[in-house]
2 protein chains.
Amino acid sequence: MHTDSVHGHTDPATALARAEALCRERGARFTPLRRRVFELVVEAGQPLTAYELLARFAEDGGNPAPPTVYRALEFLQAHGLVHRLASQNRWVVCDHPSDPHGGLFLVCRTCGRAVEWADEGVAQALHTSARAAGFQLPVEVLPEVEGLCGDCVDAH
Amino acid sequence: MHTDSVHGHTDPATALARAEALCRERGARFTPLRRRVFELVVEAGQPLTAYELLARFAEDGGNPAPPTVYRALEFLQAHGLVHRLASQNRWVVCDHPSDPHGGLFLVCRTCGRAVEWADEGVAQALHTSARAAGFQLPVEVLPEVEGLCGDCVDAH
DNA sequence: CGTTAAGTGTTATGTTATAGCGGTATTATA
DNA sequence: TATAATACCGCTATAACATAACACTTAACG
Ligand SMILES: [Zn+2]
Ligand SMILES: [Zn+2]
Ligand SMILES: [Zn+2]
Ligand SMILES: [Zn+2]
């Protein structure tokens, strides 16, 4: 089984440059607002709620209303720059945008850390199982499961 | 690979009897309120939001407030009688309570139908993948994925 | 330029979920 | 049975998450 991990440790500058390049390629506008939202999500290094983002804007003296932030997040998601963790109501940076990918989101029940784990084995098992149930899944599927990360297991 | 499906077509009377028996065994109180909530979820035959449940109570002339319904749902969930679909903010009856089980929730993007699909292959792939990422998953893991059910695929 | 589309600010509101308190019903114990 | 402890539920209020709709500004394109 081929297993390929991508950890959430891309440095912010690289992530920003990559996002900017990707948007330029596609003719999508990486506006200051969208850039700032992306930057905040990258810097957080962990999943954030939309309202946590709003709070960070407020720290900067900004004052956007919820729709402003939600719209930016939707743009970023549409371009694969962030993922929405539906089970957590949170948003997190994608570590390998521009590359369509399925996989698995592992979310720590204790510390909230999330790891996007690209694993063809899981994706394949999911598609096989879904087909057996008569379901057709999109190519990219990214289920979320809760567990304990290594650090939190060690700390009992 | 062993694949075992359980469809959402258990008849309401049977489901109720089973729930009642299960609670009696465990010394848990299957009160009228909890019974009614369970019955409504069973009858719906598809995932419901808590507020849809509240509306059905209202149809009956009842008037519970949100916490009342949420508490009943949490009780039912704790006893494995219903599952919460975190990605959908909905609740759905479990087709094989009393039997700890992992698997997969397949949710149709179009019609909203949800199928709980017990598949050891998926559960195993998830645990293997999670371990590789340093995560420890609970024994029962039930990720949710969105796709198209057979009917909705046929209807284009 | 002028026209059009895309992006953003803003207000208001809709939807989902929980905290906390006080009263009632059930159970456990003497 | 009396009493104490616990579990359950009604209720009010509020927190947390998300979107509709409209006005205004900015960018894209001839
Ligand atoms: Zn990704
Ligand atoms: Zn952790
Ligand atoms: Zn189940
Ligand atoms: Zn369908």
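All figures in this text were calculated on a predicted structure; none of them were measured in a lab.

Parameters at a glance
Residues numbered from 1 in each chain as written. Chains lettered and ligands numbered in written order. Predicted model: local features only at pLDDT ≥ 70, side-chain atom pairs only at ≥ 80, totals over all residues. Heavy atoms only, no water. Domains from an automatic or database assignment. Contact = heavy atoms within 4.5 Å. Buried area = accessible area lost by both parts, 1.4 Å probe. Salt bridge = Lys/Arg side-chain N within 4 Å of Asp/Glu carboxyl O. Polar contact = N/O pair within 3.5 Å; in protein donor to acceptor, adjacent residues only side chain to side chain. Helix = DSSP H or I, 4+ residues; strand = E, 2+ residues; numbered from the N terminus. Donors = N, O, S within 2.8 Å, 3.2 Å for Na, K, Ca; no water. Tetrahedral: all angles 85-135°; square planar, octahedral: opposite > 155°, others 65-115°. Buried < 20%, exposed > 50% of the residue type's maximum accessible area, 1.4 Å probe, protein only. Nonpolar A, V, L, I, M, F, W, Y, C, P; charged D, E, K, R; others polar. Expected span 1.5 Å × (residues − 1). Arc of directions from axis to C-beta. Near = heavy atom within 4 Å.

A.B. asks: Sorry if this is basic, but what is going on with the domain arrangement of chain A here?
C.D. replies: Accessible area lost upon the coming together of the parts serves often as the stated size of an interface. Residues and elements named next belong to chain A. Domain annotation for chain A reports domain 1 (9–93) and domain 2 (103–155). Between the C-alpha centres of domain 1 and domain 2 there is a distance of 22 Å. Every contact between the two is made by 10 residues of domain 1 and, on the other side, nine residues of domain 2. Roughly 680 Å² is buried in total at the junction of domain 1 and domain 2, and carbon and sulfur atoms are behind 53% of that figure. Applying the counting criterion to the domain 1 and domain 2 interface returns zero salt bridges. Where domain 1 meets domain 2, there are four residue pairs in polar contact (both at pLDDT 80 or more). Sorting the residues of the side of domain 1 that touches domain 2 by element identifies strand 2 (82–85) and strand 3 (90–93) as the ones contributing at least two each.

A.B. asks: What am I meant to see in the coordination of the zinc ion (ligand 3) here?
C.D. replies: Expected angles at a metal are 109.5 degrees for tetrahedral coordination by four donors and either 90 or 180 degrees for octahedral coordination by six donors. Residue and element names in this part refer to chain B. Within the protein, the zinc ion (ligand 3) binds to His83 (NE2), Cys94 (SG), His101 (NE2) and Glu116 (OE); these donor distances fall in the range 1.9 to 2.3 Å. Coordination at the zinc ion (ligand 3) is irregular: its four donor atoms span angles of 87 to 142° at the metal. In primary sequence terms, the donor set of the zinc ion (ligand 3) follows H-x10-C-x6-H-x14-E. One end of the pair, His101, is in the loop between strand 3 (90–93) and strand 4 (104–108); the other, Glu116, is in strand 5 (residues 114–119), and 15 residues separate them in sequence. The exposure class assigned to His101 is buried, which follows from its relative accessible area of 10%.

A.B. asks: Help me understand the coordination of the zinc ion (ligand 1), please; the structure alone is not making it clear to me.
C.D. replies: Residues and elements named next belong to chain A. Within the protein, the zinc ion (ligand 1) binds to His83 (NE2), Cys94 (SG), His101 (NE2) and Glu116 (OE); these donor distances fall in the range 1.9 to 2.3 Å. Here the zinc ion (ligand 1) binds four donor atoms, and the angle range of 86 to 143° at the metal identifies the geometry as irregular. All donors of the zinc ion (ligand 1) belong to a single chain; written as a sequence motif, their spacing is H-x10-C-x6-H-x14-E. Taken together, the residues His83 in strand 2 and His101 in the loop between strand 3 and strand 4 (104–108) connect sequence positions 18 residues apart. The same class applies to His83 and to His101, which are both buried.

A.B. asks: Explanation requested: the interface of chain A and chain B in the structure shown.
C.D. replies: With 36 residues of chain A at the contact, the number on the chain B side is 36 residues. Summed over both sides, the interface between chain A and chain B buries roughly 2500 Å², with carbon and sulfur atoms accounting for 73% of that surface. Across the contact surface, chain A and chain B share zero salt bridges. Here chain A and chain B share eight residue pairs in polar contact (both at pLDDT 80 or more) between them. Listed by contribution, the elements that provide at least two residues to the side of chain A that touches chain B are strand 4, strand 5 (114–119), helix 5 (120–132), strand 6 (144–147) and helix 6 (150–154) of chain A. No other element matches helix 5 of chain A, which puts eight residues into the side of chain A that touches chain B. Of the residues belonging to the side of chain A that touches chain B, the class tally is 23 nonpolar, eight polar and five charged.

A.B. asks: Looking at this model, I keep getting lost on helix 1 (residues 12–26) of chain A. Mind explaining?
C.D. replies: Counting along an α-helix, one turn takes 3.6 residues, and residues three or four places apart therefore face a common direction. Residues and elements named next belong to chain A. Along its 15 residues, helix 1 runs 21 Å from first to last C-alpha, staying within 8% of the 21 Å computed at 1.5 Å per residue. Those residues of helix 1 not exposed but buried are Ala15, Leu16, Ala19, Leu22 and Cys23. Down the axis of helix 1, the buried side of the element spans an arc of 130°, and every buried residue falls inside it. Residues of helix 1 that are exposed and point over 90 degrees away from its buried face: Ala13, Arg24 and Glu25.

A.B. asks: Would you mind going over the protein's contact with DNA strand D with me for this structure?
C.D. replies: In the vicinity of DNA strand D, 18 residues are found, and the nearest of them are A:Tyr51, A:Arg84, B:Thr31, B:Thr68 and B:Arg71. A distance of 2.6 Å separates a phosphate oxygen of DNA strand D from a polar side-chain atom of B:Thr31. Between DNA strand D and the protein, one listed contact pairs a phosphate oxygen with a side-chain N or O atom of B:Arg34 at 2.9 Å. Elements with a minimum of two residues in the surface near DNA strand D: helix 4 (66–78) of chain A together with helix 2 (32–44) and helix 4 (66–78) of chain B. Sort the elements by how many residues they give to the surface near DNA strand D and helix 4 of chain A lands first, with five residues. The residue inventory of the surface near DNA strand D, partitioned by class, reads seven nonpolar, four polar and seven charged.

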